[in-house]
Amino acid sequence: MSGTKPDILWAPHQVDRFVVCDSELSLYHVESTVNSELKAGSLRLSEDSAATLLSINSDTPYMKCVAWYLNYDPECLLAVGQANGRVVLTSLGQDHNSKFKDLIGKEFVPKHARQCNTLAWNPLDSNWLAAGLDKHRADFSVLIWDICSKYTPDIVPMEKVRLSAGETETTLLVTKPLYELGQNDACLSLCWLPRDQKLLLAGMHRNLAIFDLRNTSQKMFVNTKAVQGVTVDPYFHDRVASFYEGQVAIWDLRKFEKPVLTLTEQPKPLTKVAWCPTRTGLLATLTRDSNIIRLYDMQHTPTPIGDETEPTIIERSVQPCDNYIASFAWHPTSQNRMIVVTPNRTMSDFTVFERISLAWSPITSLMWACGRHLYECAEEENDNSLEKDIATKMRLRALSRYGLDTEQVWRNHILAGNEDPQLKSLWYTLHFMKQYTEDMDQKSPGNKGSLVYAGIKSIIKSSLGMVESSRHNWSGLDKQADIQNLSEERILALQLCGWIKKGTDTDVGPFLNSLVQEGEWERAAAVALFNLDIRRAIQILNEGASSEKGDLNLNVVAMALSGYTDEKNSLWREMCGTLRLQLNNPYLCVMFAFLTSETGSYDGVLYENKVAVRDRVAFACKFLGDTQLNRYIEKLTNEMKEAGNLEGILLTGLTKDGVDLMESYVDKTGDVQTASYCMLQVFVSCNFCGKSISYSCSTVPHQGRGFSQYGVSGSPTKSKVTSCPGCRKPLPRCALCLINMGTPVSSCPGGSKSDEKVDLSKDKKLAQFNNWFTWCHNCRHGGHAGHMLSWFRDHAECPVSACTCKCMQLDTTGNLVPAETVQP
């Protein structure tokens, strides 16, 4: 304004207009420029908006404050407070045919001239206008005018004053206010309280005062220096903000003795504070010579309860432009939108974006809230990106009961969608391990069942130095090839690879038939060739070429195979060596690599990474000697562990190497679901015979009792299993009750005394979990789960004498509080 920095005001009801006030009044119209170019003469406000100057009013000099009329009609009526204390009603583009045209130019004159500091329209009675003036010892500082009043005292005659040369319209000078308040004091700021038409809050010289116009002789006030810029929260009418120098005070009018909150003091004096009209509890502040607007979010501020209660706020800063900001104004309807003006009248349209709160549902739906809007991330119909997300995959697999088929373990890869070859290899491997472990446990009294779960790497190491090679005839050719004699361990390895069935029969025919049924013609032909049956390989390729989904090129490959010769310098070997590099199918490549390789040198087969690991391992078991085989298995195992390839479980088994491989797989894919279900295949084994205790107990015929022998059937006469059902050696004892594991807690001799010692609940029936085996992976001591939990409620160290292991502190579960100890 005159001699000061410009101010800016949004129109209360015309959302596309605002006024800039300094030495003159300038009315602007805001337009969107999203789909249009910037018009000539327009001012760029933001990337999406521009302003066009509509009109200028220079008829009101010495402006100190401006307030926009709050009613709809007249739409561009403004009250201007001047340096001499007068309040003038003026207009920008006012329709002179309006019934309110007589208001334009009307002046309200105090008895004594002094500066008008602030103006405020009454939000309930739109004709009332409050003006705050400087102090005068013989006059009031708060004057409330009725703009429709025509009353003029007799001592001051009505005067007709020309607005400007050439105009014939006249105006009235109104000198008698409706109310006079604040005698012998100064009013620096004021605002009406929306809850009542006749309540006015004023920032006087040294106090905040609430005037009730129904009884002007009394007022409620509080002494404070924070008397500037008083403004009421539009969403919480009892909350008021004011400031002094660089500090903002937040008041609750229901508890007006002191501020409920004092905001962080700024290094420079404040020039303006304003509540956001479209967002509850959001206060903006501006300091002198700053391009930063500070925002204080008080939407979650609790109501003061005690004297020391201070509400919490969230503070943040925004920078609408690079230059210093002279003033700002919130948009009346657009959420969090404001416009700022700089000292040189450069303007910027700016939106304060809310902090975004994200929520991710268990079914992977993503939603977020921003202001009043709630957004949902919708999947496009042709977007397959979510299908590749592991969280989505795990959810869909869980719905299909993936991993829970413990009888036909191999079916779990079908439940997973039958799309991942690694999962197929994993579950077939675990299926074969379970199948052959059960078979060996029932037939052999030794400890070979546990060797199956140790993987082919351990199986092969157990047979080093026991295998020799011999010459075998090709089927369909008058030739021989060197093949290793199959030991019991190598036969077991081939069984785990799926090439042969359980038993002593080493025929791969059933395996070839299953591959043909699944349409894996190339793989079936390769396996037949590796078993020296070239005639069957050619037959399979011909069948594949003639099938509906077959490749006609398989006939060409079959023809090439039929011309096989073992002469080193033959044209056939030369052409096949060239053809192998041009084939896309890896199994066709390794077929020619095998036929053209030197005896004992099969790198072209063994290191073809696109061929399944189980087929390469089975090939190695048939053609490599002990030393070569062991070296190859060791190298391949390390590769699988490093790559996190689940096909490597065939080699590592469920050993430490298998855990390392699974860890690498989870790090690579995030598939914790498969890792968890895979580890369910781990079982408790006997220390002496290595057999699965749980499986043996469930398969030994005990008159159909099944797991009731563990004491979990609820029968009053529970059986005891205190020894391994396989070798009959005793099971470990519980470190607390000293009863062999497998004996139910409730059937322990002297159970009441034991329970008393370990502070077990006497009133609650023991859950089945209390009977489970549990032990520390560090010191290997343990016992019944119920006893262990009770012990570690009061102790930190292991219950075994002379053992100082702090078992429960080795895992985060040691910090969990048992459910029965939680108070409701």
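Residues numbered from 1 in each chain as written. Predicted model: local features only at pLDDT ≥ 70, side-chain atom pairs only at ≥ 80, totals over all residues. Heavy atoms only, no water.

(A) Summary view of the sheet that holds strand β6 (residues 63-68). What the 5 strands build is an open sheet, ordered β6-β7-β8-β9-β13; its pairing is mixed. A strand with exactly one partner marks an edge of an open sheet, and here the two such strands are β6 and β13 (173-174). Relative to strand β7 (residues 77-82), β6 is paired through 5 bridges, and the arrangement is antiparallel. Bridged to M63 within β7 is Q82. (Pairing = 2+ DSSP bridges. Helix = DSSP H or I, 4+ residues; strand = E, 2+ residues; numbered from the N terminus.)

(B) Region of interest: the pattern of salt bridges. Following the criterion strictly, the structure yields 29 salt bridges and no others. Across the pair D238 and R195 runs a salt bridge, and its minimum N-O distance is 2.5 Å. Remark: R195 occurs in the loop between β15 (187-192) and β16 (199-204) and D238 occurs in the loop between β19 (228-232) and β20 (239-244); sequence separation between them is 43 residues. Given a relative accessible area of 14%, D238 falls into the buried group. (Salt bridge = Lys/Arg side-chain N within 4 Å of Asp/Glu carboxyl O. Buried < 20%, exposed > 50% of the residue type's maximum accessible area, 1.4 Å probe, protein only.)

(C) Molecular detail of the pairing of β20. Counting buried positions along β20 yields 5 of 6 residues, so the element is predominantly enclosed. Alignment of β19 against β20, held across 3 bridges, turns out to be antiparallel. Looking at β20, one finds that T231 is bridged to A241. Examined bridge by bridge, β20 and strand β21 (residues 247-252) share 6 bridges and lie antiparallel to one another. Among the inter-strand pairings, Y244 is bridged to a residue of β21, identified as Q247. Count of turn residues in the β20/β21 antiparallel hairpin: 2 residues, of which E245 carries a positive phi of about 55 degrees.

(D) The sheet that holds strand β31 (residues 366-370), seen in detail. One open sheet accounts for 3 strands, arranged β30-β31-β32; its pairing is antiparallel. The sheet is open, and its two edges are formed by β30 (357-360) and β32 (373-376), each paired on a single side. When strand polarity is set aside, the average angle formed by the axes of neighbouring strands in this sheet is 20 degrees. Bridge count for β30 against β31 is 4 bridges, and the pairing is antiparallel. Bridge pairing in β31 places S357 opposite A369. (Axes fitted to C-alpha atoms, helices over the stretch in contact; angles between N-to-C directions.)

(E) Structural detail: the environment of C76. Summarising the element assignment, C76 is placed in the loop between β6 and β7. Taking the relative accessible area as the measure of exposure, C76 reaches 1% and is therefore buried. As for C76 and R17, which are separated by 59 residues in sequence, their C-alpha atoms are 9.7 Å apart.

(F) Main features of helix α11 (residues 571-580). Along α11, the residues that are buried comprise W572, R573 and C576. Within α11, the buried residues cover an arc of 95 degrees as seen down the axis, which keeps them to one side. What points out from α11, more than 90 degrees from its buried face, is the exposed set L571, E574 and M575. Contacts made by the buried residues of α11 are with α10 (553-562) and α12 (586-595). (Arc of directions from axis to C-beta. Contact = heavy atoms within 4.5 Å.)

(G) Broad picture of the pairing of strand β29 (residues 347-351). Counting buried residues in β29 gives 4 out of 5 residues, a clear majority hidden from the surface. Alignment of strand β28 (residues 337-341) against β29, held across 5 bridges, turns out to be antiparallel. Residue pairing in the sheet places I339 in a bridge with D349 of β29. Here β28 folds back onto β29 in antiparallel fashion, the turn holding 5 residues, of which R345 has a positive phi close to 70 degrees.

(H) Local environment of the confidence of the model for the protein. In this model, the protein carries an average pLDDT of 80, and 79% of its residues clear a pLDDT of 70 or more. In the predicted structure, residues 747-766 sits below a pLDDT of 50 and forms 26 contacts with residues beyond four places in sequence or in another chain. (pLDDT = per-residue confidence, 0-100.)

(I) The arrangement of unusual backbone geometry in detail. Of note in the backbone geometry, N418 takes a positive phi value of approximately 55 degrees without being a glycine. Among the structural elements, N418 can be located in the loop between α2 (412-415) and α3 (421-443). N418 sits in the partly exposed class, given a relative accessible area of 46%. Phi is positive for A802, close to 70 degrees, though the residue is something other than glycine.

(J) Structural context of the side chain of R614. With respect to the helices and strands, R614 occurs in helix α14 (residues 613-623). Although R614 is buried, it makes no salt bridge; E647 carries the closest opposite charge, 5.9 Å away. Within polar-contact distance, the side chain of R614 engages the side chain of T429 at 2.6 Å. The contacts of R614, once residues within four sequence positions are left out, are S425, Y428, T429, F432, L496, C497, G498, R523 and L650. (Lys, Arg positive; Asp, Glu negative; His and termini not counted. Polar contact = N/O pair within 3.5 Å; in protein donor to acceptor, adjacent residues only side chain to side chain.)

(K) Spatial organisation of the packing of aromatic side chains. Counted under the stated rule, the structure contains 22 aromatic pairs. Measuring from ring centre to ring centre gives 5.8 Å for W128 and Y179, while their planes differ by 65 degrees; the resulting arrangement is edge-to-face. With W128 in strand β11 (residues 128-133) and Y179 in strand β14 (residues 179-183), this pair connects stretches of sequence that are 51 residues apart. Among the residues examined, W128 registers a relative accessible area of 8% and is labelled buried. Take Y179: its relative accessible area is 18%, and that puts it in the buried class. Clustering of aromatic rings is evident, with ring pairs tying together F530, F594, Y602, F619 and F623. Taking NZ or CZ as reference, K272 lies 5.2 Å from the ring centre of F328, over its face. (Phe/Tyr/Trp six-rings, centres within 6.5 Å; stacked < 30°, edge-to-face > 60°. Lys NZ or Arg CZ within 6 Å of the ring centre and 35° of its normal.)

(L) Focus on the packing of helix α9 (residues 534-546) against α10. Closest axis-to-axis distance for the α9/α10 pair is 8 Å, and the angle between their directions is 165 degrees. When the axis of α9 is compared with that of α10, the two are roughly antiparallel. Between α9 and α10 the crossing geometry is left-handed. Only L554, N555, V557, A558, L561 and S562 of α10 make contact with α9, whose side of the interface consists of I534, I538, L541, N542, G544 and A545. Tallied by class, residues from the contact of α9 with α10 come to 8 nonpolar, 4 polar and no charged. (Parallel < 35°, antiparallel > 145°, perpendicular 65-115°, else oblique. Left-handed = near helix turned anticlockwise from the far one by under 90°. Nonpolar A, V, L, I, M, F, W, Y, C, P; charged D, E, K, R; others polar.)

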